[in-house]
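# Summary of structural features
The primary structure of each chain is shown beneath.
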Amino acid sequence: LVTELGAAFGFYQGGGRIVVGRDTRATGAMFEDALVAGLLSAGCQVVKLGVVPTPTIQFTVTRTGASGAVAITASHNPGEWNGFKLCRANAVPISGATGIMDIQKIAEAKSWKKCDRPGKLSSYDIAPEYGKFLRSFAKMDRKLKVVVDYANAMGLYEIAGITDLFDIVPLYDTLDGTFPNHEANPLHLATLDAIRAKVKEVGADFGAAFDGDAD
């Protein structure tokens, strides 16, 4: 199914350069291999980023002029789930109104065309460039104390290039795609109990809580 989805998305995009990245969920590597196989079969030039936050994937699309991207993640959902976030050129999300249903139809009908020349696979380390990009926004007159709830997830990578700019008090700062300490969903208020308490305890300026793919 995942390979067919990759082929359908590649056909829908008309080939081109497609960026692929994933979060730390247990099924991520398996889904990545299957998806890349489908994209290559559709003639896409696949740029594999490995384990990266969703915003980093979107940033790579804009910086490399890629025609689209796939983030392999279930975002704020529990660790046993996984899924895909799709975007087109300029990191514009593909939603139900702008293509998801079309891709589904292609996948279900298996109506993609066979490609005479499969695409090529490459990798890219975008982290240094992304860190420089984030630092360009840092205009502070003092070093802020910030409690960061990483939720054992991709927030660890999302702000890796700027942590020296802050006095960071970390919570749950080890990568674990099962999210053992609490659900990686800051929209559920119960997940914010720990960070609220820690902000008061250490007198932080503010707290920041991430979800599973740090978007």
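Let me begin by describing the structure that accompanies this report.

So, how was this worked out
Residues numbered from 1 in each chain as written. Predicted model: local features only at pLDDT ≥ 70, side-chain atom pairs only at ≥ 80, totals over all residues. Heavy atoms only, no water. 1 Å grid on protein atoms, 1.4 Å probe; cavity = no way out; pocket = protein on both sides within 12 Å on 5 of 7 lines; lining within 4 Å. Points joined across faces, edges and corners; volume = space filled by probe spheres on them. Nonpolar A, V, L, I, M, F, W, Y, C, P; charged D, E, K, R; others polar. Helix = DSSP H or I, 4+ residues; strand = E, 2+ residues; numbered from the N terminus. Pairing = 2+ DSSP bridges. Axes fitted to C-alpha atoms, helices over the stretch in contact; angles between N-to-C directions. Contact = heavy atoms within 4.5 Å. Salt bridge = Lys/Arg side-chain N within 4 Å of Asp/Glu carboxyl O. Phe/Tyr/Trp six-rings, centres within 6.5 Å; stacked < 30°, edge-to-face > 60°. Buried < 20%, exposed > 50% of the residue type's maximum accessible area, 1.4 Å probe, protein only.

As a further point, take the layout of surface pockets. What the largest pocket holds in volume is close to 340 Å³. Among the residues forming the lining of the largest pocket, the class breakdown is eight nonpolar, one polar and three charged. Within this model, the second largest pocket holds a volume of roughly 190 Å³. Taken together, 16 residues line the second largest pocket, and the ones lying closest to its centre are T56, I126, A127, Y130 and Y157. At the level of secondary structure, the elements contributing two or more residues to the lining of the second largest pocket comprise β2 (45-51), α5 (127-135) and α6 (155-158).

In this section: the sheet that holds β2. Strand order in the open sheet formed by five strands is β4-β3-β1-β2-β5, with mixed pairing between adjacent strands. Each end of this open sheet is capped by a strand with a single partner; those strands are β4 (84-88) and β5 (121-123). On average, adjacent strands in this sheet sit at an angle of 20° to one another, irrespective of strand direction. As defined by bridge partners, strand β1 (residues 17-22) adjoins β2 across six bridges and the pair is classed as parallel. Directly across from V20, in β2, lies its bridge partner K48. Relative to β1, helix α2 (residues 28-41) is tilted by about 170°, and along the sheet it contacts β1, β2, β3 (68-72), β4 and β5. Sitting on the sheet, helix α3 (residues 54-64) is in contact with β1, β2, β3 and β4, with an inclination near 165° to β1.

What follows covers the pattern of salt bridges. Scanning all chains against the criterion turns up nine salt bridges. Put simply, D23 and R25 hold a salt bridge, and the shortest N to O gap is 2.7 Å. The closest approach of N and O atoms between E201 and K198, which form a salt bridge, is 3.4 Å. Here E201 pairs with K198, and both are found in helix α7 (residues 193-202), just three residues apart, close to one helical turn. The network of salt bridges with shared partners includes K85, D213 and D215.

Here we come to the packing of aromatic side chains. All chains considered together, the criterion is met by six aromatic pairs. For the pair F59 and F133, a centre-to-centre distance of 4.9 Å together with 40° between the ring planes defines the contact as tilted. Here F133 lies in helix α5 and F59 lies in helix α3, a separation of 74 residues in the sequence. An angle of 10° between the planes, with centres 6.4 Å apart, marks the rings of Y150 and F210 as stacked. Of the two residues, Y150 is situated in the loop between β6 (145-149) and α6 and F210 in the segment after β8 (206-209); the sequence distance between them amounts to 60 residues. Side by side, Y150 and F210 carry an identical accessibility label, which is buried. Among the aromatic side chains, those forming a connected cluster through ring pairs are F59, Y130, F133 and F137.

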